[in-house]
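Fold and geometry: a report
Spelled out, the chains give:
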Amino acid sequence: MRASIELTGSAHRVIFEREIASALPRVAAVLLAFCIHSSAIAAPPPNIVIILADDLGYGDVGAYNPESKIGTPHIDQLARQGMRFVDAHSAATCVPSRYELLTGRRLFRNDRKFETQALIAPQQPTLASVLSQAGYATAMIGKWHLGFEGLGVHPSPSDYTQPLRGGPIGHGFSSYFGLAASLDVPPYVFLQDDRFQQGARTSIPEHHTPGMRSIQGEFWRAGMISTDFKHEEVLGRLADRAVEYLQAQAGARQPFFLYVALTAPHPPWLPTEPFRGQSGAGMYGDFVMQMDAEVGRIVDALERAGKANDTLLLFTSDNGPTWYEADILRYGHRAVGGLRGMKGDAWEGGHRIPFVARWPGEIAAGTTSTTLVSFTDIMGTVASVTGQTIPASTAEDSFNLLPVFLSKSLQSGREVLVHEAVGPDGRLLALRWNQWKWIPSGCMRSMFEGFGEGALLSNPCAQRPPVGQPPGQLYDLSNDLGERENVYAQHPKLVEQLTERLNRYRGTERTSSSGAVDRE
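Residues numbered from 1 in each chain as written. Predicted model: local features only at pLDDT ≥ 70, side-chain atom pairs only at ≥ 80, totals over all residues. Heavy atoms only, no water.

What follows concerns the overall build of the protein. Assigned secondary structure in the protein consists of ten helices and 18 strands. For the protein, buried positions account for 56% of its 520 residues. Pairs at least 24 residues apart make up 72% of the contacts formed inside the protein by residues separated by at least 6 positions. About 21300 Å² of surface is accessible on the protein, with carbon and sulfur atoms providing 52% of the total. (Helix = DSSP H or I, 4+ residues; strand = E, 2+ residues; numbered from the N terminus. Buried < 20%, exposed > 50% of the residue type's maximum accessible area, 1.4 Å probe, protein only. Contact = heavy atoms within 4.5 Å. Areas by Shrake-Rupley, 256 points an atom, 1.4 Å probe, with all protein chains shown as cover.)

This paragraph deals with the sheet that holds strand β15 (residues 416-423). Sheet architecture is open: four strands sit in the order β15-β16-β17-β18, paired in antiparallel fashion. Each having just a single partner strand, β15 and β18 (473-476) make up the two edges of the open sheet. Averaged over all adjacent pairs, the angle separating strand axes in this sheet is 20°, with direction ignored. Here strand β16 (residues 426-433) pairs with strand β17 (residues 436-439) via three bridges, running antiparallel. From the neighbouring strand, leucine 431 faces β17, where its bridge partner is tryptophan 438. (Pairing = 2+ DSSP bridges. Axes fitted to C-alpha atoms, helices over the stretch in contact; angles between N-to-C directions.)

With that out of the way, let us pick up the packing of helix α5 (residues 234-248) against helix α6 (residues 282-304). Where α5 contacts α6, the axes come no closer than 8 Å and their chain directions differ by 10°. Put simply, α5 runs roughly parallel to α6. On α6, the residues that touch Leu235, Gly236, Ala239, Asp240, Ala242, Val243, Leu246 and Gln247 of α5 are Phe287, Gln290, Met291, Glu294, Arg297, Ile298, Ala301, Leu302 and Arg304. (Parallel < 35°, antiparallel > 145°, perpendicular 65-115°, else oblique.)

By the criterion of burial, strand β4 (residues 137-143) is predominantly enclosed, with seven of the seven residues buried. By the bridge criterion, six bridges tie β4 to strand β10 (residues 256-265) in an arrangement that is parallel. For methionine 140, the partnering residue across the bridge sits in β10 and is tyrosine 259. With five bridges connecting them, β4 and strand β5 (residues 175-179) associate as parallel partners. The residue of β5 that forms the bridge with lysine 143 is leucine 179.

Bringing the nonpolar core into the picture now. If you look at the biggest cluster of nonpolar residues, it comprises 59 residues, and the most contacted ones within it are Leu258, Met291, Val295 and Phe315. Of all the secondary structure elements, the ones that give two or more residues to this core are β1 (47-54), α2 (73-81), β4, β5, α5, β10, α6 and β11 (311-317). With ten residues, the top contributor of residues to this core is α6. Beyond its immediate sequence surroundings of up to four residues, valine 295 is in contact with Ile51, Ile75, Leu78, Leu262 and Phe315. Counting residues in each nonpolar core, the second largest holds 54 residues, with Leu52, Val130, Tyr259 and Ile390 among its members. (Core = buried A, V, L, I, M, F, W, Y, C linked by side-chain atoms within 4.5 Å.)

Function-wise, these values are silent; they only describe arrangement.
The following block contains the structure:
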(Lines give C-alpha, C1' and ligand atoms only; values in the text may rest on other atoms or scores of the structure.)
Protein backbone atom coordinates (compact mmCIF):
# COMPACT_ATOMS: atom_id res chain seq x y z
CA MET A 1 0.00 0.00 0.00
CA ARG A 2 1.75 3.15 -1.25
CA ALA A 3 0.81 6.89 -1.18
CA SER A 4 2.52 9.37 -3.51
CA ILE A 5 5.11 11.46 -1.62
CA GLU A 6 4.59 14.26 -4.14
CA LEU A 7 1.12 14.93 -2.82
CA THR A 8 0.38 16.61 0.46
CA GLY A 9 -2.64 17.48 2.55
CA SER A 10 -6.09 16.27 1.61
CA ALA A 11 -5.04 14.92 -1.80
CA HIS A 12 -2.45 12.73 -0.10
CA ARG A 13 -5.06 11.39 2.27
CA VAL A 14 -7.57 10.67 -0.48
CA ILE A 15 -5.15 8.62 -2.59
CA PHE A 16 -3.82 6.81 0.49
CA GLU A 17 -7.32 5.93 1.66
CA ARG A 18 -8.34 4.72 -1.83
CA GLU A 19 -5.31 2.40 -2.04
CA ILE A 20 -6.04 1.05 1.42
CA ALA A 21 -9.65 0.40 0.44
CA SER A 22 -8.64 -1.39 -2.74
CA ALA A 23 -6.15 -3.53 -0.83
CA LEU A 24 -8.50 -4.60 1.97
CA PRO A 25 -10.08 -7.54 0.09
CA ARG A 26 -6.63 -8.93 -0.68
CA VAL A 27 -5.49 -8.44 2.91
CA ALA A 28 -8.66 -10.11 4.24
CA ALA A 29 -8.20 -13.06 1.91
CA VAL A 30 -4.60 -13.50 3.04
CA LEU A 31 -5.55 -13.25 6.69
CA LEU A 32 -8.43 -15.69 6.25
CA ALA A 33 -6.18 -18.19 4.48
CA PHE A 34 -3.60 -17.79 7.23
CA CYS A 35 -6.21 -18.35 9.94
CA ILE A 36 -7.58 -21.44 8.22
CA HIS A 37 -4.08 -22.83 7.69
CA SER A 38 -3.08 -22.05 11.26
CA SER A 39 -6.25 -23.68 12.56
CA ALA A 40 -5.57 -26.82 10.54
CA ILE A 41 -2.03 -26.98 11.84
CA ALA A 42 -3.03 -26.17 15.43
CA ALA A 43 -5.91 -28.65 15.57
CA PRO A 44 -4.68 -31.26 18.04
CA PRO A 45 -4.95 -34.94 17.14
CA PRO A 46 -7.67 -36.84 18.98
CA ASN A 47 -7.14 -38.87 22.10
CA ILE A 48 -7.57 -42.55 21.33
CA VAL A 49 -9.29 -45.08 23.60
CA ILE A 50 -9.66 -48.76 22.67
CA ILE A 51 -11.87 -50.96 24.85
CA LEU A 52 -11.44 -54.65 24.06
CA ALA A 53 -13.89 -57.21 25.43
CA ASP A 54 -12.72 -60.82 25.87
CA ASP A 55 -14.82 -63.53 24.11
CA LEU A 56 -17.87 -61.33 23.46
CA GLY A 57 -20.07 -62.71 20.69
CA TYR A 58 -21.47 -60.87 17.67
CA GLY A 59 -24.99 -61.74 18.80
CA ASP A 60 -24.54 -60.80 22.47
CA VAL A 61 -24.84 -57.06 21.82
CA GLY A 62 -28.30 -55.60 21.32
CA ALA A 63 -27.07 -53.25 18.59
CA TYR A 64 -26.12 -56.34 16.55
CA ASN A 65 -28.86 -58.74 17.62
CA PRO A 66 -32.29 -57.36 18.60
CA GLU A 67 -33.18 -60.84 19.89
CA SER A 68 -30.26 -60.99 22.33
CA LYS A 69 -31.23 -62.21 25.79
CA ILE A 70 -28.61 -59.90 27.30
CA GLY A 71 -28.97 -56.20 28.02
CA THR A 72 -26.06 -54.12 26.72
CA PRO A 73 -27.34 -50.52 26.99
CA HIS A 74 -23.93 -48.85 27.17
CA ILE A 75 -22.46 -50.57 24.12
CA ASP A 76 -25.74 -49.98 22.28
CA GLN A 77 -25.46 -46.28 23.09
CA LEU A 78 -21.94 -46.14 21.67
CA ALA A 79 -23.32 -47.68 18.47
CA ARG A 80 -26.03 -45.00 18.30
CA GLN A 81 -23.45 -42.28 18.84
CA GLY A 82 -20.98 -43.57 16.26
CA MET A 83 -20.46 -46.02 13.42
CA ARG A 84 -21.33 -49.70 13.72
CA PHE A 85 -19.31 -52.08 11.55
CA VAL A 86 -21.13 -55.29 10.61
CA ASP A 87 -18.31 -57.08 8.74
CA ALA A 88 -15.41 -56.65 11.17
CA HIS A 89 -13.07 -59.50 12.10
CA SER A 90 -10.56 -60.48 14.74
CA ALA A 91 -8.61 -63.72 14.74
CA ALA A 92 -10.58 -66.62 16.22
CA THR A 93 -8.64 -66.79 19.51
CA CYS A 94 -7.14 -64.40 22.06
CA VAL A 95 -3.43 -64.30 21.32
CA PRO A 96 -3.37 -63.72 17.55
CA SER A 97 -6.12 -61.10 17.86
CA ARG A 98 -4.12 -59.02 20.31
CA TYR A 99 -1.03 -59.33 18.17
CA GLU A 100 -2.97 -58.16 15.10
CA LEU A 101 -4.49 -55.21 16.94
CA LEU A 102 -1.18 -53.88 18.23
CA THR A 103 1.03 -54.55 15.18
CA GLY A 104 -1.11 -54.45 12.03
CA ARG A 105 0.17 -57.85 10.92
CA ARG A 106 -0.93 -61.48 11.17
CA LEU A 107 0.58 -63.68 13.84
CA PHE A 108 1.34 -66.45 11.33
CA ARG A 109 4.05 -64.16 9.90
CA ASN A 110 5.81 -64.39 13.25
CA ASP A 111 8.23 -67.22 14.08
CA ARG A 112 8.72 -66.34 17.75
CA LYS A 113 8.07 -69.09 20.32
CA PHE A 114 4.92 -69.09 22.47
CA GLU A 115 6.64 -71.05 25.22
CA THR A 116 9.70 -68.89 25.78
CA GLN A 117 9.45 -65.50 24.05
CA ALA A 118 7.49 -62.29 23.89
CA LEU A 119 5.51 -62.58 20.65
CA ILE A 120 6.14 -58.98 19.61
CA ALA A 121 9.77 -58.67 18.47
CA PRO A 122 11.87 -55.98 20.21
CA GLN A 123 11.88 -53.48 17.33
CA GLN A 124 8.40 -54.23 15.97
CA PRO A 125 6.32 -51.03 15.73
CA THR A 126 3.09 -51.13 17.75
CA LEU A 127 0.13 -48.81 18.18
CA ALA A 128 1.71 -47.56 21.39
CA SER A 129 5.17 -46.95 19.93
CA VAL A 130 3.73 -45.18 16.86
CA LEU A 131 1.57 -42.95 19.05
CA SER A 132 4.39 -42.33 21.51
CA GLN A 133 6.49 -41.03 18.62
CA ALA A 134 3.58 -38.74 17.74
CA GLY A 135 3.73 -37.19 21.21
CA TYR A 136 1.02 -39.21 22.94
CA ALA A 137 0.96 -40.37 26.53
CA THR A 138 0.35 -44.12 26.34
CA ALA A 139 -1.20 -46.45 28.90
CA MET A 140 -2.50 -50.00 28.95
CA ILE A 141 -4.82 -51.59 31.50
CA GLY A 142 -5.90 -55.24 31.45
CA LYS A 143 -5.04 -58.53 29.79
CA TRP A 144 -1.71 -58.61 27.92
CA HIS A 145 -1.43 -62.24 26.69
CA LEU A 146 1.46 -61.61 24.30
CA GLY A 147 4.24 -63.04 26.41
CA PHE A 148 7.51 -61.97 27.98
CA GLU A 149 11.10 -62.73 27.05
CA GLY A 150 12.30 -65.97 28.60
CA LEU A 151 8.83 -66.77 29.96
CA GLY A 152 6.50 -66.98 26.97
CA VAL A 153 2.77 -66.32 26.76
CA HIS A 154 1.89 -68.11 30.03
CA PRO A 155 4.70 -67.11 32.38
CA SER A 156 5.61 -69.15 35.43
CA PRO A 157 8.61 -67.30 36.84
CA SER A 158 10.88 -68.72 39.49
CA ASP A 159 11.58 -65.21 40.78
CA TYR A 160 8.65 -62.78 40.98
CA THR A 161 10.90 -59.82 41.85
CA GLN A 162 12.66 -59.58 38.49
CA PRO A 163 11.61 -57.12 35.77
CA LEU A 164 9.68 -58.55 32.83
CA ARG A 165 11.07 -57.90 29.35
CA GLY A 166 9.04 -57.71 26.16
CA GLY A 167 5.74 -56.70 27.73
CA PRO A 168 3.70 -53.51 27.36
CA ILE A 169 6.45 -51.28 28.76
CA GLY A 170 8.87 -52.68 26.19
CA HIS A 171 6.52 -51.90 23.32
CA GLY A 172 5.61 -48.25 23.64
CA PHE A 173 3.35 -48.08 26.69
CA SER A 174 4.56 -45.70 29.39
CA SER A 175 2.40 -47.33 32.06
CA TYR A 176 0.68 -50.68 32.54
CA PHE A 177 -1.56 -52.43 35.07
CA GLY A 178 -3.11 -55.81 34.45
CA LEU A 179 -2.67 -59.55 34.02
CA ALA A 180 -0.15 -61.57 32.05
CA ALA A 181 -2.88 -63.67 30.39
CA SER A 182 -6.56 -64.60 30.80
CA LEU A 183 -8.38 -64.71 34.12
CA ASP A 184 -8.38 -68.54 33.98
CA VAL A 185 -4.60 -68.80 33.50
CA PRO A 186 -2.04 -68.47 36.32
CA PRO A 187 -0.21 -66.73 37.79
CA TYR A 188 -3.06 -64.83 39.38
CA VAL A 189 -0.87 -61.87 40.27
CA PHE A 190 -1.30 -58.30 39.03
CA LEU A 191 1.45 -56.63 37.06
CA GLN A 192 2.42 -52.99 37.52
CA ASP A 193 4.49 -51.66 34.62
CA ASP A 194 7.22 -54.27 34.08
CA ARG A 195 6.98 -56.21 37.37
CA PHE A 196 4.66 -58.49 39.25
CA GLN A 197 3.17 -56.82 42.30
CA GLN A 198 4.88 -58.00 45.43
CA GLY A 199 3.20 -59.66 48.39
CA ALA A 200 2.35 -63.03 49.83
CA ARG A 201 1.47 -65.80 47.36
CA THR A 202 0.02 -69.26 47.59
CA SER A 203 -1.38 -71.81 45.15
CA ILE A 204 -4.96 -72.75 44.30
CA PRO A 205 -6.42 -75.88 42.69
CA GLU A 206 -8.29 -76.01 39.39
CA HIS A 207 -11.92 -74.96 39.72
CA HIS A 208 -15.08 -75.84 37.76
CA THR A 209 -18.82 -75.28 37.92
CA PRO A 210 -20.72 -78.55 38.40
CA GLY A 211 -23.00 -79.39 35.49
CA MET A 212 -21.22 -77.14 33.00
CA ARG A 213 -18.57 -77.82 30.37
CA SER A 214 -15.06 -77.81 31.74
CA ILE A 215 -14.10 -74.45 30.22
CA GLN A 216 -17.34 -72.62 31.05
CA GLY A 217 -18.76 -71.20 34.25
CA GLU A 218 -16.47 -70.47 37.20
CA PHE A 219 -13.48 -72.15 35.59
CA TRP A 220 -9.84 -71.45 36.31
CA ARG A 221 -6.65 -73.48 36.18
CA ALA A 222 -4.47 -74.46 39.12
CA GLY A 223 -1.52 -72.22 39.88
CA MET A 224 0.12 -69.43 41.83
CA ILE A 225 -2.08 -66.66 43.28
CA SER A 226 -1.53 -63.55 45.40
CA THR A 227 -3.26 -63.93 48.74
CA ASP A 228 -5.24 -60.73 48.13
CA PHE A 229 -6.25 -61.67 44.55
CA LYS A 230 -9.95 -62.38 44.07
CA HIS A 231 -11.08 -63.46 40.61
CA GLU A 232 -14.52 -61.88 40.99
CA GLU A 233 -12.98 -58.46 41.71
CA VAL A 234 -10.66 -58.27 38.71
CA LEU A 235 -13.08 -56.84 36.13
CA GLY A 236 -14.07 -54.04 38.49
CA ARG A 237 -10.47 -53.29 39.45
CA LEU A 238 -9.45 -52.93 35.82
CA ALA A 239 -12.35 -50.56 35.19
CA ASP A 240 -11.41 -48.61 38.33
CA ARG A 241 -7.89 -48.11 36.97
CA ALA A 242 -9.24 -46.95 33.62
CA VAL A 243 -11.54 -44.46 35.35
CA GLU A 244 -8.66 -43.16 37.47
CA TYR A 245 -6.47 -42.72 34.40
CA LEU A 246 -9.16 -40.75 32.56
CA GLN A 247 -9.86 -38.57 35.58
CA ALA A 248 -6.16 -37.66 35.63
CA GLN A 249 -6.41 -36.49 32.01
CA ALA A 250 -9.03 -33.83 32.79
CA GLY A 251 -6.56 -30.95 32.75
CA ALA A 252 -3.93 -32.49 30.52
CA ARG A 253 -3.04 -30.93 27.17
CA GLN A 254 -0.99 -33.84 25.88
CA PRO A 255 -3.05 -36.29 23.76
CA PHE A 256 -3.32 -39.77 25.23
CA PHE A 257 -3.80 -43.36 24.08
CA LEU A 258 -5.54 -45.71 26.52
CA TYR A 259 -5.89 -49.41 25.68
CA VAL A 260 -8.27 -51.20 28.06
CA ALA A 261 -8.26 -54.99 27.57
CA LEU A 262 -11.05 -56.29 29.79
CA THR A 263 -11.10 -59.87 31.09
CA ALA A 264 -14.82 -60.45 30.46
CA PRO A 265 -16.87 -62.29 29.42
CA HIS A 266 -14.06 -64.86 29.06
CA PRO A 267 -14.37 -67.58 31.75
CA PRO A 268 -14.46 -67.64 34.69
CA TRP A 269 -17.96 -66.19 34.54
CA LEU A 270 -18.18 -64.31 37.82
CA PRO A 271 -21.02 -61.78 37.83
CA THR A 272 -21.25 -59.84 41.06
CA GLU A 273 -24.43 -59.63 43.09
CA PRO A 274 -26.13 -56.69 41.29
CA PHE A 275 -25.98 -58.59 37.98
CA ARG A 276 -26.81 -62.15 39.01
CA GLY A 277 -29.99 -63.40 37.42
CA GLN A 278 -30.46 -60.19 35.42
CA SER A 279 -30.02 -61.63 31.90
CA GLY A 280 -31.80 -64.38 30.03
CA ALA A 281 -28.55 -66.23 29.34
CA GLY A 282 -27.43 -67.55 32.71
CA MET A 283 -24.07 -66.77 34.31
CA TYR A 284 -22.59 -65.87 30.96
CA GLY A 285 -25.27 -63.32 30.15
CA ASP A 286 -25.06 -61.81 33.62
CA PHE A 287 -21.29 -61.42 33.22
CA VAL A 288 -21.77 -59.73 29.84
CA MET A 289 -24.16 -57.29 31.51
CA GLN A 290 -21.55 -56.51 34.16
CA MET A 291 -18.93 -55.99 31.47
CA ASP A 292 -21.30 -53.62 29.65
CA ALA A 293 -21.78 -51.65 32.87
CA GLU A 294 -18.01 -51.31 33.28
CA VAL A 295 -17.77 -50.04 29.70
CA GLY A 296 -20.38 -47.47 30.69
CA ARG A 297 -18.30 -46.39 33.68
CA ILE A 298 -15.23 -45.92 31.50
CA VAL A 299 -17.13 -43.92 28.89
CA ASP A 300 -18.72 -41.81 31.64
CA ALA A 301 -15.27 -41.04 33.06
CA LEU A 302 -14.17 -39.87 29.61
CA GLU A 303 -17.20 -37.56 29.50
CA ARG A 304 -16.60 -36.19 33.01
CA ALA A 305 -12.96 -35.51 32.15
CA GLY A 306 -14.18 -33.27 29.33
CA LYS A 307 -12.37 -35.38 26.73
CA ALA A 308 -15.21 -37.21 24.98
CA ASN A 309 -15.55 -34.77 22.08
CA ASP A 310 -11.81 -34.94 21.43
CA THR A 311 -11.51 -38.72 21.52
CA LEU A 312 -11.68 -41.49 18.94
CA LEU A 313 -13.14 -44.41 20.89
CA LEU A 314 -13.18 -47.97 19.55
CA PHE A 315 -15.09 -50.80 21.19
CA THR A 316 -14.71 -54.39 20.01
CA SER A 317 -14.07 -58.02 21.05
CA ASP A 318 -11.03 -60.26 20.56
CA ASN A 319 -13.00 -63.24 19.13
CA GLY A 320 -16.27 -65.11 19.33
CA PRO A 321 -17.86 -66.58 22.48
CA THR A 322 -17.50 -69.91 24.27
CA TRP A 323 -21.13 -70.81 23.62
CA TYR A 324 -22.22 -74.26 22.44
CA GLU A 325 -25.34 -75.62 20.75
CA ALA A 326 -26.50 -76.93 24.13
CA ASP A 327 -26.34 -73.39 25.51
CA ILE A 328 -28.53 -72.11 22.68
CA LEU A 329 -31.07 -74.83 23.36
CA ARG A 330 -31.01 -74.20 27.09
CA TYR A 331 -31.34 -70.41 27.08
CA GLY A 332 -32.65 -69.54 23.62
CA HIS A 333 -29.78 -67.08 23.29
CA ARG A 334 -27.63 -67.07 20.15
CA ALA A 335 -24.33 -65.51 21.16
CA VAL A 336 -23.23 -65.30 17.51
CA GLY A 337 -26.63 -64.25 16.17
CA GLY A 338 -27.35 -66.03 12.91
CA LEU A 339 -23.73 -66.97 12.31
CA ARG A 340 -22.19 -70.44 12.52
CA GLY A 341 -19.55 -71.52 15.01
CA MET A 342 -17.92 -70.04 18.10
CA LYS A 343 -14.52 -69.11 19.50
CA GLY A 344 -11.71 -70.91 17.69
CA ASP A 345 -13.67 -71.51 14.49
CA ALA A 346 -12.85 -70.48 10.96
CA TRP A 347 -16.60 -70.07 10.56
CA GLU A 348 -17.91 -66.53 11.02
CA GLY A 349 -18.99 -67.03 14.63
CA GLY A 350 -15.35 -67.47 15.60
CA HIS A 351 -14.10 -64.10 14.38
CA ARG A 352 -16.88 -61.76 13.17
CA ILE A 353 -17.18 -59.41 16.12
CA PRO A 354 -18.91 -56.22 17.29
CA PHE A 355 -16.86 -53.19 16.24
CA VAL A 356 -17.99 -49.65 17.06
CA ALA A 357 -16.16 -46.37 16.40
CA ARG A 358 -17.19 -43.06 17.99
CA TRP A 359 -15.56 -39.68 17.32
CA PRO A 360 -18.00 -36.80 17.89
CA GLY A 361 -18.00 -34.25 15.10
CA GLU A 362 -16.02 -36.54 12.79
CA ILE A 363 -17.87 -39.87 12.66
CA ALA A 364 -21.55 -39.44 11.89
CA ALA A 365 -23.76 -40.75 14.67
CA GLY A 366 -26.03 -43.72 14.06
CA THR A 367 -24.27 -44.93 10.93
CA THR A 368 -23.55 -48.48 9.79
CA SER A 369 -20.69 -49.63 7.58
CA THR A 370 -20.52 -52.85 5.57
CA THR A 371 -16.85 -52.44 4.66
CA LEU A 372 -14.63 -55.45 5.35
CA VAL A 373 -12.57 -54.72 8.47
CA SER A 374 -9.72 -56.52 10.20
CA PHE A 375 -8.11 -55.89 13.58
CA THR A 376 -4.92 -55.25 11.62
CA ASP A 377 -6.55 -52.13 10.13
CA ILE A 378 -6.44 -50.31 13.46
CA MET A 379 -2.71 -49.67 13.02
CA GLY A 380 -3.06 -48.05 9.59
CA THR A 381 -6.06 -46.05 10.75
CA VAL A 382 -4.41 -44.70 13.89
CA ALA A 383 -1.31 -43.78 11.89
CA SER A 384 -3.47 -41.88 9.42
CA VAL A 385 -5.48 -40.11 12.13
CA THR A 386 -2.28 -38.85 13.75
CA GLY A 387 -0.35 -38.07 10.58
CA GLN A 388 2.21 -40.84 10.99
CA THR A 389 3.88 -42.92 8.29
CA ILE A 390 4.33 -46.64 8.90
CA PRO A 391 7.54 -48.15 7.49
CA ALA A 392 6.88 -50.23 4.37
CA SER A 393 8.41 -53.29 6.03
CA THR A 394 5.76 -53.42 8.77
CA ALA A 395 1.97 -53.57 9.20
CA GLU A 396 1.79 -55.88 6.18
CA ASP A 397 -1.92 -56.50 6.65
CA SER A 398 -3.20 -53.03 7.57
CA PHE A 399 -5.63 -50.79 5.69
CA ASN A 400 -6.64 -47.24 6.54
CA LEU A 401 -10.25 -46.91 7.77
CA LEU A 402 -10.15 -43.13 8.24
CA PRO A 403 -11.93 -42.32 4.94
CA VAL A 404 -14.69 -44.72 6.02
CA PHE A 405 -14.86 -43.13 9.48
CA LEU A 406 -15.23 -39.68 7.90
CA SER A 407 -17.79 -40.93 5.32
CA LYS A 408 -15.46 -39.97 2.47
CA SER A 409 -15.55 -43.54 1.21
CA LEU A 410 -17.86 -46.51 1.65
CA GLN A 411 -14.98 -49.01 1.49
CA SER A 412 -11.42 -49.14 2.82
CA GLY A 413 -10.07 -50.88 -0.27
CA ARG A 414 -9.78 -54.22 1.53
CA GLU A 415 -11.12 -57.12 -0.53
CA VAL A 416 -9.11 -59.93 1.02
CA LEU A 417 -8.69 -61.12 4.61
CA VAL A 418 -6.81 -64.09 6.04
CA HIS A 419 -8.60 -65.69 8.97
CA GLU A 420 -6.48 -67.33 11.67
CA ALA A 421 -8.37 -70.08 13.49
CA VAL A 422 -7.90 -73.45 15.24
CA GLY A 423 -7.38 -76.60 13.16
CA PRO A 424 -6.50 -80.27 13.67
CA ASP A 425 -2.81 -79.49 13.45
CA GLY A 426 -2.94 -76.29 15.46
CA ARG A 427 -3.24 -73.17 13.31
CA LEU A 428 -5.76 -73.08 10.46
CA LEU A 429 -5.70 -70.29 7.86
CA ALA A 430 -8.83 -69.53 5.85
CA LEU A 431 -9.38 -66.86 3.20
CA ARG A 432 -12.05 -64.25 2.62
CA TRP A 433 -12.10 -62.68 -0.84
CA ASN A 434 -14.95 -60.25 -1.41
CA GLN A 435 -18.09 -62.36 -0.75
CA TRP A 436 -16.26 -65.70 -0.94
CA LYS A 437 -15.06 -67.63 2.09
CA TRP A 438 -12.56 -70.48 1.57
CA ILE A 439 -11.76 -72.92 4.39
CA PRO A 440 -9.12 -75.44 3.23
CA SER A 441 -10.54 -78.19 5.41
CA GLY A 442 -13.37 -80.57 4.61
CA CYS A 443 -14.71 -81.06 8.11
CA MET A 444 -18.44 -80.57 7.79
CA ARG A 445 -19.34 -80.83 11.46
CA SER A 446 -17.64 -79.81 14.66
CA MET A 447 -17.93 -80.15 18.40
CA PHE A 448 -20.23 -77.14 18.21
CA GLU A 449 -22.74 -79.28 16.33
CA GLY A 450 -22.45 -82.36 18.51
CA PHE A 451 -19.31 -84.31 17.56
CA GLY A 452 -17.90 -85.58 20.85
CA GLU A 453 -18.27 -84.16 24.33
CA GLY A 454 -14.62 -83.74 25.21
CA ALA A 455 -13.63 -81.00 22.77
CA LEU A 456 -12.00 -77.91 24.18
CA LEU A 457 -13.27 -75.68 21.41
CA SER A 458 -15.56 -76.02 18.44
CA ASN A 459 -13.76 -75.90 15.13
CA PRO A 460 -14.48 -77.03 11.59
CA CYS A 461 -11.38 -79.23 11.64
CA ALA A 462 -12.18 -81.33 14.68
CA GLN A 463 -12.79 -84.32 12.41
CA ARG A 464 -11.34 -85.23 9.05
CA PRO A 465 -13.93 -85.16 6.22
CA PRO A 466 -15.91 -88.35 5.75
CA VAL A 467 -15.25 -90.35 2.60
CA GLY A 468 -16.95 -88.72 -0.36
CA GLN A 469 -17.19 -85.28 1.21
CA PRO A 470 -15.36 -82.28 -0.37
CA PRO A 471 -11.85 -81.70 1.01
CA GLY A 472 -12.64 -78.03 1.60
CA GLN A 473 -15.43 -75.56 2.28
CA LEU A 474 -16.47 -72.67 0.02
CA TYR A 475 -19.27 -70.31 0.98
CA ASP A 476 -20.87 -67.34 -0.76
CA LEU A 477 -21.46 -65.01 2.18
CA SER A 478 -23.55 -62.63 0.08
CA ASN A 479 -26.46 -65.07 0.29
CA ASP A 480 -25.28 -67.60 2.89
CA LEU A 481 -23.92 -65.72 5.90
CA GLY A 482 -24.72 -68.72 8.08
CA GLU A 483 -22.31 -70.89 6.01
CA ARG A 484 -24.74 -73.75 5.54
CA GLU A 485 -24.30 -74.50 1.84
CA ASN A 486 -20.83 -75.65 0.77
CA VAL A 487 -20.50 -74.74 -2.93
CA TYR A 488 -17.00 -76.22 -3.30
CA ALA A 489 -18.06 -78.63 -6.05
CA GLN A 490 -19.75 -75.91 -8.12
CA HIS A 491 -16.69 -73.64 -8.37
CA PRO A 492 -13.52 -75.72 -8.91
CA LYS A 493 -11.60 -72.93 -10.70
CA LEU A 494 -12.44 -70.44 -7.96
CA VAL A 495 -11.25 -72.94 -5.34
CA GLU A 496 -8.00 -73.30 -7.27
CA GLN A 497 -7.54 -69.52 -7.43
CA LEU A 498 -8.29 -69.02 -3.75
CA THR A 499 -5.96 -71.84 -2.76
CA GLU A 500 -3.14 -70.31 -4.79
CA ARG A 501 -3.82 -66.88 -3.32
CA LEU A 502 -3.86 -68.17 0.26
CA ASN A 503 -0.57 -69.94 -0.35
CA ARG A 504 0.97 -66.66 -1.47
CA TYR A 505 -0.14 -64.99 1.75
CA ARG A 506 1.29 -67.88 3.76
CA GLY A 507 4.61 -66.79 2.35
CA THR A 508 5.73 -63.18 2.32
CA GLU A 509 3.02 -61.50 0.26
CA ARG A 510 1.23 -58.77 2.16
CA THR A 511 -2.54 -58.38 2.13
CA SER A 512 -2.32 -54.57 2.13
CA SER A 513 -1.01 -52.78 -0.94
CA SER A 514 1.65 -50.86 0.97
CA GLY A 515 2.93 -50.55 4.49
CA ALA A 516 3.41 -46.79 4.17
CA VAL A 517 0.20 -45.20 5.41
CA ASP A 518 0.06 -41.43 5.20
CA ARG A 519 -2.65 -39.12 6.48
CA GLU A 520 -5.65 -39.08 4.14
